[in-house]
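Now for the letters of each chain:
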Amino acid sequence: MVGSLPTAAAIAHAGITLPADAVIAIDGPAGSGKSTTARALARRFGLTYIDSGAMYRALTLAARRKDIASEDGDRLAALLAAARLELRDDRRESSVIWDGQDVSSAIRTPEIDRSVSRVSSHASVRAVMVERQRELGRRGSVVMEGRDIGSVVFPLATAKIYLDASLAAREARRHRQFRDGGRTVAPQEVRRELAERDRRDSERAESPLTISPDAIVLDTSDWSLAEQIERAAETCLINPYLDTLLDTDRESAVRALPLNYRIAYACFDQIARFFGLRQIGYNRRSVPAGIILVSNHVHWYDPPIIGATFLRSPLRTLAKEELIHGPLGFLFRLLDIIPIHRKGYDADAFGEARRALQNGSCLFIFPEGTRRPVGRPGPVKNGLGILCQETGADVLPLFIRGTWGLMPGGSPRSPLEVRYGPMVRLHALPILQRQYDRQAINRRIAKLFETIFCELQARCYRDRPETPFEQGLFQRLTRKFAAKDRRLFGPSP
Ligand code: DC
């Protein structure tokens, strides 16, 4: 629940450390102290430090050497795709190697500063770069800094830190950096360059610099370096600390279930076992009260299969009102679903969902609003953002796969799997609410969960690759669902 964060003393007292596969994402504008902080965290926690900005800089340098214009996204992406780009981090110094050549100092010049934002603004370039960055972080134990690390590259990072600082503070720091490096640059020049880069990095259409709703924002303007590092280190441990509070006793949670849920879950459990469900994440845990569970949605069979993985009550589901009047209406009434009218905004349904959360129930929703073609999660509708903003609830994302190919004992055509992600806590909501209107925040929350569903899908496919059956379904269903979307929600913008 968004609110006051645990104190450093509580975290230290609980003896919390980072999990072995931790990924720390640090974002923020130029000059906010990301590199220094990230390096210090790498040393403190024994992580590999990755400077994603250096990767964009190396590409910018290579493009200049090959006379590729910074506007030519396709050629830039091709150049990057064909290159060997390595980052070496020996704890004291990190180096950037492009096709075997150390370019660590050549990428830190005013010329590169000036053109790197443009080079990094192309969707085609970012697609290749983000894949490289994800590959570097795949095994975890990394701290990566940049502009879109929490929002795009690692949407399920263990900790997301957004470092901010006033333009004046950043200008003073940059000026000192230049002076220490033996360069003289006029203060107005430093300020102009920072302001220009801020503007380009945050206004570009593709993965702009943005505060991910689940980031913890640290304004470092008035902090010493030591203080900044200390606060960042404490921040890394906040989610792992809050996770330890989730470790409640599943057996007693099950015993406390009201009879109607106990019967329904027992049925769902039998169905799931029959079809060979594999469940990943949250296996031995029950889930705290008052959270929102969100899932992608591909088939009518999703709800009972997901129900089989969830053992905490009461779980209220927002579901289309037609279900109440259908042949299984009695079952849905037994499970106390919240019927929703899907055209437009159903204030009654949202009011009831909000009250359910505030009374300590968990709420289940399919935030895409309807079923989507297998293999293509999203787009997420505004409803999730509305509920998050109204209640500040934490969100537990999960991904379901395989309900189109059910076969007794498990299907090789499409493995049946429910994969839970970590709990997503929208720490930044109060700050975002001071800066943006509600609609803009809804969009950001939607975007975050679209990225999370894609990441969970990628994890499923990494374990068990997408099958030809699933690829065929994707083709078939894409056409079918496009027509249904138009009927339900009107023409797409
Ligand atoms: O952190 P830096 O100043 O070295 O980054 C150089 C540029 O690269 C920055 O202006 C924007 C871009 N960048 C980006 O678009 N996404 C990232 N994750 C990192 C950097």
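Residues numbered from 1 in each chain as written. Predicted model: local features only at pLDDT ≥ 70, side-chain atom pairs only at ≥ 80, totals over all residues. Heavy atoms only, no water.

Examining the overall build of the chain
No. 1: Within the chain one finds 21 helices and 15 strands.
No. 2: For the chain, whose C-alpha radius of gyration is 24 Å, the value lies close to the compact-globule estimate of 23 Å for 493 residues.
No. 3: For the C-alpha atoms alone, the extent of the chain along its principal axes is close to 75 × 50 × 40 Å.
No. 4: Partitioning the intrachain contacts of the chain with sequence separation of at least 6 by distance along the chain shows that 78% fall at a separation of at least 24.
No. 5: Put simply, the chain shows about 22400 Å² of open surface, and 53% of that area lies on carbon and sulfur atoms.
No. 6: Considering the chain, the positive charge centre built from 73 side chains and the negative charge centre built from 58 side chains are found 3 Å apart. (Helix = DSSP H or I, 4+ residues; strand = E, 2+ residues; numbered from the N terminus. Rg over C-alpha atoms; globule rule 2.2 N^0.38 Å. Contact = heavy atoms within 4.5 Å. Areas by Shrake-Rupley, 256 points an atom, 1.4 Å probe, with all protein chains shown as cover. Lys, Arg positive; Asp, Glu negative; His and termini not counted. Charge placed at Lys NZ, Arg CZ, Asp CG, Glu CD.)

Structural notes on the packing of helix α2 (residues 34-45) against helix α10 (residues 225-236)
No. 1: For the pair α2 and α10, the least separation of the axes is 10 Å and the interaxial angle reads 60 degrees. Judged by the inter-axis angle, α2 sits oblique to α10. Handedness of the α2/α10 crossing: right-handed. Within the contact between the two elements, α2 uses Thr-36, Thr-37, Ala-40, Leu-41, Arg-44 and Phe-45 and α10 uses Leu-225, Gln-228, Ile-229, Glu-230, Ala-232, Ala-233 and Cys-236.
No. 2: Of the residues assigned to the contact of α2 with α10, the class counts are eight nonpolar, three polar and two charged. (Axes fitted to C-alpha atoms, helices over the stretch in contact; angles between N-to-C directions. Parallel < 35°, antiparallel > 145°, perpendicular 65-115°, else oblique. Left-handed = near helix turned anticlockwise from the far one by under 90°. Nonpolar A, V, L, I, M, F, W, Y, C, P; charged D, E, K, R; others polar.)

Thoughts on the packing of helix α4 (residues 73-82) against helix α6 (residues 123-137)
No. 1: Running from amino to carboxyl end, α4 crosses α6 at an angle of 20 degrees, the nearest separation of the two axes being 7 Å. The angle between α4 and α6 places the two elements in the roughly parallel class. Considering how the two elements wind past one another, α4 and α6 form a crossing that is left-handed. Packed against α4, whose contacting residues are Gly-73, Asp-74, Leu-76, Ala-77, Leu-80 and Ala-81, the element α6 presents Ser-124, Val-125, Val-128, Met-129 and Arg-132 at the interface.
No. 2: Split into classes, the residues belonging to the contact of α4 with α6 amount to seven nonpolar, two polar and two charged.

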